[in-house]
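Each chain is listed here by its residues.
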Amino acid sequence: MWIPTEHEKYGVVLASFRGTVQHGLPLEIGDTVQLLEKCEGWYRGFVHKNPNAKGIFPCTYIHLKNAHIKNKGQFETVIPTEDSVITEMTTTLRDWGAMWKRLYVVKSVQHTHKNEGDLFHRLWHVMNEILDLRRQVLVGHLTNDRMKDVKQHITARLDWGNEQLSLDLVPRREFSMVDPDEISVTELFKLMEHRHRKKETPVPASTHHLFVHMKSLMSSNLGEELEVFFHIYDGRENRPLSERFFVRLNKNGVPKSPEKTERQCTLFVDLGSSDLRKDVYIVVHIMRIGRMGAGEKKNLCSIQYRRPFGCAVVSIADLLTADSKDDHLLKVYACTTESEWYQIHENIIRKVNSRYNLSGSNTGLAVSLQLLHGDIEQLRREYMVLFTRGVSITKKLGFSDIIMPGEMRNDLYVTLEKGEFEKGGKSVARNVEITVYVLDIEGQVMKSYVAAGSGEPGGDEYHSFVLYHNNSPRWAEQIKLPIPVDMFRGAHVRFEFRHCSTKDKGEKKLFGYSFVHLMQEDGRTLPDGTHELIIHKCEENANLQDSSRYLKLPFSKANLPGNNQAVKGTKESFWITSFLCSTKLTQNGDMLDLLKWRAHPEKINDSLSKLKEIDGSEIVKFLQDTLDTLFGILDESSQRYGLKVFDCLVHIINLLQDSKFQHFKPVMDTYIESHFAGALSYRDLIKVLKWYVDRIVDAEHQDHIQQVLKATEYIFKYIIQSRRLFALATGGQSEEEFRCCIHELFMSIRFFLSQENKITSPVTQTQAVFLRTFPAVYGELLKIFTVREVAGFVRETLGSLPATAHAECPLEAVKLHCIAKTVESQLYTNPESRCILLPVVLRLLQAHMQEQRDLVMCARILTSMLSLIRKDDSVTTEPVVSEEVDLIVDSLLVVLMRTILEITNRPQPAGTNMRLQFQDITGEFVACLLALLRQMSDKHYQQLLQTFTSKDDLRDFLLQIFTVFRILIRPEMFPKDWTVMRLVTNNVIITTVLYLSDALRKNFLNEKFDYKVWDSYFYLSVIFINQPCLQLESFSPSKRKRVLEKYGDMRVMMGCEIFSMWQNLGEHKLNFIPAMIGPFLEVTLVPQPDLRNVMIPIFHDMMDWEQRRSGNFKQVEAKLIDKLDSLMSEGKGDETYRELFNSILLKKIERETWRESGISLIATVTRLMERLLDYRDCMKLGEVDGKKIGCTVSLLNFYKTELNKEEMYIRYIHKLYELHLKAQNYTEASYTLLLYDELLEWSDRPLREFLNYPMQSEWQRKEYLHLTIVQNFDRGKCWENGIILCRELADQYESYYDYRNLSKMRMMEASLYDKIMDQQRLEPEFFRVGFYGKKFPFFLRNKEFVCRGHDYERLEAFQQRMLNEFPHAIAMQHVNQPDQTIYQAEAQYLQIYAVSPIPESQDVLQRDGVPDNIKSFYKVNHIWRFRYDRPFHKGTKDKENEFKSLWVERTTLTLVQSLPGISRWFEVEKRELVEVSPLENAIEVIENKNLQLRTLIAQCQSRQMQNINPLTMCLNGVIDAAVNGGLARYQEAFFVKDYIVNHPEDGEKIGRLRELMFEQAHILEYGLAVHEKFVPQDMRPLHKKLVDQFHVMKSSLGIQEFPAYVRASPVHFTNGSPRSSCRNSVPNIISPDGARVVARRSPLTYPAVNRYSSSSLSSQASNEVSNITGQSESSDEVFNMQPSPSTSSLSSNHSASPNVTSSAPSSARGSPQLQDKHKHSRENSCLSSRERPVSAIYPNPLDPAQRATPHQIGDTTLPRSDPNLSAPDKVRTTFSSRSLDSVKEVNNTQFSDTVGKLLCPPVPPRPPYSGSSAKTMRSQSPLPTSRSPQKSSLPPFTPSPTECQSAGLVSNSPVLSGSYSSGISSMSRCSVSEASGTEATTGDHPAHQGPTMPNSVSSGSDELIRRENKTPPPYSVYERSNPRRPVPLPHSLSIPPSVDPPALPPKPHQLRTSSMKLVPASDPRRADGVPHVPRPRPLPRKVSQL
């Protein structure tokens, strides 16, 4: 039976458990579990990380831990009762673990991000460190101090990690996390602020220490031992700051005792912050120990001298910037003259170069220097190794900035300054050495008390260094005499002077001595300063052992009696400087007199008077003795000396206020507690104090009285302690008398405080002094008086202060300071005294806050007050707390809110410190308000609301509190990582709002409705819900769980409250429509399902009320749409929201009468959301430009067409424009900007500032737009469109007589014309793309588009680009329309194939004399319709002649907008399908071939061709194929009787086919004649062969003589101009009847099924296929291949076996060939042989006739082709892909190109063939050959000399793509496009570089011809290297062919606009050719102010 667990509540999983049993719960090792029930060795419970999953698990897997249970029962919470630091470590490490793994991923993916990598490793180390520390804490073997250190270390690491990972700041108290509910908000704020400040600004240390480690001296001239002295030197005051540190070096320059680190390392301690400046230096003096001269030879003399060696200097400031671990190599300098040695360091500092030089180029002192900060104890902890290993301490000269009590020091520093010596009968000066001894009172030398410095132990004597031959030596050597205090009396120092001989003996001869006493007879020590000592002469062997002999002699010239002139006049003197640093000895006689007052009673008065003049450091040395003296005098002679003793006591007390001596306050406290014995003193002290207080009002000079009052605290301490001692001694006698005295004293105080004075009055200042010290007295009074009594004293004293003080009075600030100290005192913490003091405190506080004075102090007081108030569980304190809250609410709530409003609306001060202070007080006031509100109960709110007598007051209060709450919610209110504080704030706000919403409902509804209050309420609620800190979805799971457990989801609570309040509004809801739509919409976008379910129905309510009011809800719709755009662009909302919005509202409106319009609105908004979500997804970083542009176009059109939102429409126009510019789509950018331009008119209406446009007139903005658009059309090479805009601008300038700009515009227009004629443009490819499947964005889903490709982009490249843009898409391998399963699939399918444009401007294309580079523009611009063809067999296929049943399915796609336009792709609006019969197909093929032949012949005749190869190949292809039966196949198919009988309607078409055959034969004959004229000698055999074959062909056709209409020469030049002859109508030339021919056939009646027709003469019997597939692929063999039956460009895919399948992709623009194996494998991987469609995709320009319905095709009135229309006008190359499905059939190249475009891989460039004759051509394009699967490994096709690229030359294009299908003429695909595929990309389009082809410069004759014609060569070398992609004509700028360019206006003022925006009268896209209304276009609308 399962029993609920009582104590077993919490455990940790010891081993993983799979949970395979029934109801088993899987567990992982380390999980924490909560146990609910127990049964026979099993527990039931849940894992904390997933509390919803409950199950059972074995007891043995769980380690139980003690836990504390909250809310026992169903919703109990279990908290482990372990150390809170351990708990925090555990949870924090779990959170870090997850983030650490993410850091690893970031580090791995982004190798460049060094910071993340560093953080990953650093965090790993810290986590391991914390785990180790956690183990130490858990083991529990640490001492308390060590545990404290470990916890401090842990919390520091946790805080570091949280900061690095941008986690929340954790409030802590003594290392433990603080529960915000268990402390007041003010305390929480203090803790947070303290941690934040600690993190931000570490407190700078006031004490610093310099660590020095002597490493070595490097020098070339060593060889003697050295002594190195370091000291710190003040360059400003020219004095040493520290004693010396002394290191001995051996002969190698390294320390003599390397094992003793304390002898080579030191710490210069107690440097103040003022010492860390640039002019403070580390000075190093180096002495050598050895011979007198450094270069002397070694002699037998063993005596050594100390001699100067060198000096080094480094500034301390340099150490502040250098790396602390760096070793320093100091340069060592030597004196130029030895006598300057004493000041060498000063010379180096001052850079007096003449007095020193480098002691050697390679001499350097290696030392380690490091500045350490903090007190010495802190250093001992942090640098434990340093101190344990050993380091000497080098002290400062004198005391540090702060003197610590108990510090023991007694050091006398003596500096040997200089001497003056006589020659002593010698011819040269002496070498003087001083020996120093210290002797005690008995004349014995004191051992070890002479030290050269720290580092080395002291010695018995000290030898100075020797200066060579110097009778006035200056040493400036400092020695230290650390003599104990008790040995000072009677001791003296003796200085012996010796001459050091440099002779062989090297002896030192004594010649004199000096001495000085260390203490005077009266006990004073040797005074600090310089002393001139007498040099007493003596014999060389004089005995100085008996000191008594000379001690009676005078020692100092200053102390000589006046009559001793003989000694005074002697020249010999010795100067020393002494400095005593002692905590026990004094040099002050007055101090000694006071301490010995009993010996000299007569001096008491003087001694007391002189005490104030004694230095403070002397007084604190003898503090206890001095105080005993003072109270001793007071006890004995209180009447006589009472006042003076009191003054002395005041002086000493105030002395301790000085920062230098403040640490002696505890010494005085200890004295009062333990040593003070003046039991009677209190009477005298009270009496004197009262006497002073009574004199305050009348006294003229207040200075002394103020000094007395400053000492009030300690005076009271002495009074109270004295009284306690008296009471203890007497059993409490005179209690009443004492109380009476105290009361009288306070009466005097109150009287002087109550005086009102002028601001500058001294009394006012005295009052201020007292108030500063008064709070310190409370604690002392409490030792004798009760809490209530003391509170009474304080209340009355503070209450006596004058109330009406001036704001600028300094007393006001002091009063507040006193109140602050009072509130922070022990007295105020007691509830008894608090209720007495609170009214006084509140009165003062309220006055200051109302006047906005001293807010920092007010905040401090309030914080302290509210920190004490807690909702206590105890019953006794609850009423007290409640009463206090009442008082504070009444006095301060309103003024507190007003203060917060004022300080937050104030501009922030500029200074950093001021700004910090400003933020501090704002935060403190906010914390106070929150604390107060949190303490308020229901009763308090009721009482508060009742205090508002009028409704206006209540209204003002609510508005104020709602405004304050909005301020509290601001993100900048608290630092970013203060989530704990923010959550507490929000909890308080929502609680308060719930209380106040009742007041809102009761007082401001119905007739009392107040819009402003309700609006403020809703506005607050919306901001509250949208706070970042409440968006739990962004939190980690553990943090989210903690927040939900503590506070729940406050957003949902507030949402429910909003809904409830909204429902209460009734008809007043109309006041908030549409204003609240946006805010509520923002709330519903929060990703919280419950909140959305609550809030979305409000929109239904709004629609309903708006419908009632105005009969529609247009306002609701408009506001929803406006806000949706801005909110979703910010990243709010998701697909779930869209579905929820739709479903909830549709359900709500089901029963409404306005259901239909409601559904419409919901559908509109939902569709907008779809587009906005797509737009947001597309705009993400990393998305491709194409997707962004497509999405923006979709959204832009939606705003224009469906929503009619003009401003949003214009905004998105500009977003699209920017995207196009970024993608370098300049043409599209122009069209886009044109949309905005069309909305404007040429008027002077002013327009407001909008987007990046300034405020300007409509005319100016339209002008600017025109110029920008023209510039972009120019960059996009769409010059024709730019010209139209130039004209329009020119008209405007002319109408305003602005001839300057008119001139510029005409020049610009002219330059555009020049560019049209001079520069080359590429023709783009067009591709049809279908996007199928539900995974595509909405704007693409299940739609088909036609896309304009980039320059040089072919099908494979385009397909690859699309697959890159949609990486999850699947490429469909067929061209058939997909079925519904594809449409509905949860996937992405792409269907891509090439299509051909159908140009609209037929008049330009058909007109003679129009240059090709003009025609090429109209072929690919302003295109609405595109087509592709698919061949198929209808009926039974004739294996002998497949042409009988070969039909073509022609699909025409009509777009919603013409290309190019505002996008590179547009959606297909309409699909049309027609079938072309075999006969019509044959006519088209032969017609195209005839056109091609004519063009080549014309070019050859006009010498436009560099060589004749293209013509040769074309003739060869046609004639050779004919020999093999090309045209015969057509005869067999269509000229037989059966066909004519069965198809009587085709009679005229058959006739037309016959005419074309005859025409072709005639053209061939003429072509052969031309060929013979130009053929080179080596090609003569081929020509002869062609002539012979042609005769065979003629006879096979049964032609003996040509009909009359074809007899004339097919090509000749009527006007002698090769150029014009190319453009003239060939039929006119061929026949007199030429005009009739033209009339009968328009140039594009039967355009080729493909632009690349196979030979119209080629044919092949089906049994020849095997020969084809087995043939070699060399060029010669290809030229001689058997003819193909596929004379049309359409081939069947029905009958070829799979093994005969071949695919030959080729590029019209020069795409090189692919290796056979690659091509074959690619194609077979794309399609199986049966699936592979034949070339269904190769487009041709479809003329109006061809667009007609099938029955119209057979019309007998079909016009004839214009033979002069060059092939390029009809033909454009693409890839081809052919499938041979029958042994009897080979695919024709034309229709096989379809599959190539759709499926073939990108073709890699083929290396140019050096042996080819292509060198003579302008460019070369590889020619595809037919391929066989069996020969897939053959090498690529190699060009031969006969392989001229005829197509490229036929059409002035350097590009050729020919497909040599089996048996088809080698020129079967020689038609070409007009744009060169070899043109190099210009700088504008670097991304689309095509394969480069070999070029050659045109011959001289060619240039001559071009020059004569004044037409630049369309494909010159220059132009090929500078092509630019063609830019299409905008639909709004198109001009009908019938309209001539407008002439200049007759009068400038007449504005002509008729010709600017012309739309064709009939739509050229109409299939039936019937004139019809143009495509509807939205009329330009006026933009109000945009």
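## Remarks on the sheet that holds strand 25 (residues 461–463)
Inference 1: Strand order in the open sheet formed by five strands is 25-24-27-28-30, with antiparallel pairing between adjacent strands. The open sheet has two edge strands, strand 25 and strand 30 (536–537), and neither has a second partner.
Inference 2: The pairing of strand 24 (residues 432–439) with strand 25 spans three bridges and is classified as antiparallel. Bridged to T435 within strand 25 is H463.

## Comments concerning helix 34 (residues 1037–1047)
Inference 1: The set of residues buried in helix 34 consists of K1039, V1043 and Y1047. When helix 34 is viewed along its axis, its buried side chains cluster within an angular range of 35° and face the same direction. Those residues of helix 34 that are exposed and angled more than 90 degrees off the buried face are P1037 and E1045.
Inference 2: Those residues of helix 34 that are buried lie in contact with helix 32 (979–1003) and helix 35 (1050–1065).
Inference 3: Following helix 34 by one or two positions, G1048 adopts a phi angle in the positive range, close to 70°.

## Some details on the packing of aromatic side chains
Inference 1: What the rule picks out here adds up to 75 aromatic pairs.
Inference 2: Seen in terms of ring centroids, F17 and Y61 are 5.3 Å apart; in terms of plane orientation they differ by 65°. Their pairing is edge-to-face. You can see F17 sitting in the loop between strand 2 (10–13) and strand 3 (32–39) and its partner Y61 sitting in the loop between strand 5 (50–58) and strand 6 (62–65), a full 44 residues away along the chain.
Inference 3: Within the aromatic cluster, the residues linked to one another by ring pairs are Y682, F716, F726, F738, F746, F752, F770, F774, Y778, F785 and F793.
Inference 4: Geometry around W1105 places R1108 over its ring, the cationic atom sitting 4.2 Å from the centre.

## Describing the sheet that holds strand 23 (residues 410–420)
Inference 1: With respect to topology, four strands assemble into an open sheet ordered 26-23-31-29, the strand pairing being antiparallel. Looking along the sheet, the strands with just one partner apiece sit at the ends: strand 26 (474–481) and strand 29 (529–534). The average undirected angle you get between the axes of adjacent strands in this sheet is 25°.

## Details of the nonpolar core
Inference 1: Of all hydrophobic cores here, the largest spans 306 residues; its most connected members are Y718, F925, F1018 and F1080.
Inference 2: Top contributing element to this core by residue count: helix 28 (residues 877–905), with twelve residues.
Inference 3: If we skip the residues at most four places from it in the chain, F1080 touches F1018, V1022, I1058, W1062, M1095, I1098, F1099 and M1102.
Inference 4: Core analysis: the second largest hydrophobic core is formed by 56 residues, C311, Y333, F574 and L585 among them.

## Some points on the packing of helix 43 (residues 1206–1222) against helix 44 (residues 1226–1239)
Inference 1: Between helix 43 and helix 44, whose axes approach to 8 Å, the crossing angle comes to 160°. It follows from the interaxial angle that helix 43 and helix 44 lie roughly antiparallel. Between helix 43 and helix 44 lies a crossing whose hand is left-handed. Between helix 43 and helix 44, the contacting residues are Y1209, I1210, I1213, H1214, L1216, Y1217, H1220 and L1221 on the first element and Y1226, E1228, A1229, T1232, L1233, L1235, Y1236 and L1239 on the second.

Scoring rules and cut-offs
Residues numbered from 1 in each chain as written. Predicted model: local features only at pLDDT ≥ 70, side-chain atom pairs only at ≥ 80, totals over all residues. Heavy atoms only, no water. Pairing = 2+ DSSP bridges. Helix = DSSP H or I, 4+ residues; strand = E, 2+ residues; numbered from the N terminus. Buried < 20%, exposed > 50% of the residue type's maximum accessible area, 1.4 Å probe, protein only. Arc of directions from axis to C-beta. Contact = heavy atoms within 4.5 Å. Phe/Tyr/Trp six-rings, centres within 6.5 Å; stacked < 30°, edge-to-face > 60°. Lys NZ or Arg CZ within 6 Å of the ring centre and 35° of its normal. Axes fitted to C-alpha atoms, helices over the stretch in contact; angles between N-to-C directions. Core = buried A, V, L, I, M, F, W, Y, C linked by side-chain atoms within 4.5 Å. Parallel < 35°, antiparallel > 145°, perpendicular 65-115°, else oblique. Left-handed = near helix turned anticlockwise from the far one by under 90°.

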